[in-house]
Amino acid sequence: MTLVEKLFNCFKDCESFSLQDAYQQNPDKPQETVRARIYEKIGIKFERVAKGVYRTIENDNEQCVLIEGNGRDLSMINDNSIDCILTDHPWLDIKSNKGGTRAFALYDCFRYTLEDFKEKARVLKDGCFLVEVLPAENENNYEYLYQIKKYAKEAGFIYYSKVPWKKGTFVSNTGRKAKNTQDIMIFSKGKARNMRFDKKKSDMTGEKHYMSGCNGMLPTMFDVQPVARKNKIHQSELPVELCEEILEYVTYEGEIVLDSFAGSGAVGVAALNKKRSCILIEILKENIEKIKTRFNSVLYQTVLESHI
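Residues numbered from 1 in each chain as written. Predicted model: local features only at pLDDT ≥ 70, side-chain atom pairs only at ≥ 80, totals over all residues. Heavy atoms only, no water.

In the annotation of an unreviewed UniProt entry, the entry for the protein chain reads Methyltransferase, and the organism field reads Lachnospira eligens. A UniProt comment under Sequence similarities (unreviewed entry) is attached to the protein chain, and it reads "Belongs to the N(4)/N(6)-methyltransferase family." (UniProt positions renumbered as here; feature names shortened; annotations may be inferred.)

1. Structural notes on the pairing of strand β8 (residues 181-189)
Taken across its nine residues, β8 has eight buried, putting it largely inside the fold. Summarising the sheet, strand β6 (residues 124-135) and β8 pair through seven bridges and their orientation is antiparallel. Its bridge partner being in β8, L134 is matched across the sheet by D183. Here nine bridges tie strand β7 (residues 157-166) to β8, and the two strands are oriented antiparallel to one another. Each bridged residue has a counterpart across the sheet, and for K166 the counterpart in β8 is T181. (Buried < 20%, exposed > 50% of the residue type's maximum accessible area, 1.4 Å probe, protein only. Helix = DSSP H or I, 4+ residues; strand = E, 2+ residues; numbered from the N terminus. Pairing = 2+ DSSP bridges.)

2. A look at the environment of K149
Take K149: it is sitting in helix α6 (residues 142-154). Considering only alpha carbons, one finds K149 and F187, 38 residues apart in sequence, at a separation of 9.0 Å. Once you skip the residues sitting within four places of it in the chain, K149 turns out to touch Y159, M185 and F187. (Contact = heavy atoms within 4.5 Å.)

3. Regarding the pattern of salt bridges
Pairs can form between side chains of opposite charge once their charged atoms are near each other. Under the definition given, this model contains 16 salt bridges. Here E132 and K120 are joined by a salt bridge, their closest N and O atoms 2.9 Å apart. Linking E132 in strand β6 with K120 in helix α5 (residues 114-123), this pair joins segments that are twelve residues apart in sequence. By the burial criterion, E132 is buried, and K120 matches it. A salt bridge links D126 to K189, with the nearest nitrogen and oxygen atoms 3.4 Å apart. (Salt bridge = Lys/Arg side-chain N within 4 Å of Asp/Glu carboxyl O.)

In structure tokens:
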């Protein structure tokens, strides 16, 4: 049982509880840790009644907020309010984008700058994960992929891991070699939060303990078939199954996921399937309409906002 779950279960039948009550119920935990777990779940598991006084809330209604706007502008999102960023930006690689199915004529393709990563760090909570879906390294992009890591580090992120996405049986025959992978690059904002189960310590103490890292050891690869061309609503659409697998490793139920380059809305579908809320930002009106249609067709409750 996580500390949040323990706090919730302890006070769920109480009209309210104070921080001092929470500290007394968890004497083995530092007070700042107890306080942080309450603060980060305000609006999800807890509600502030007065200064230092809270109550539990039942909030099982995950929502998806769809924003029309530029995904590089996160000014509408509060500091330290997002539990995970999972996104696939329209990366600028003129030579590679000419071949195959990645015809980005409709998009303003770009390369990330340091400011992009500073904004990601601003909205993401400490210890939480940034997940970037990136092209496999080739002769055209290896310097850019290295630059992304440098920008992330300078903005306060720590490189966590890189896991290939193997696209099932799909193989692209463009470029110098046959390709069927992309890279899932994972960073944490500062030291990664404690999501990884510590079996050794748990067995020794008889209580569940967690250590720094995502929820379990990451796989050697994500082996997921890409979306069939006939079923795509976006040219570089991510499979929902892939997004679901990633979210299981880097988030908990009830948390908020941001995809700032939503495209098809697949990250939003995956988030709701896994009982996470999400914020999707998409710049193209036609994609906005496709996402709305997609969500309505599967009976998801969708909140549409406009940000110009």
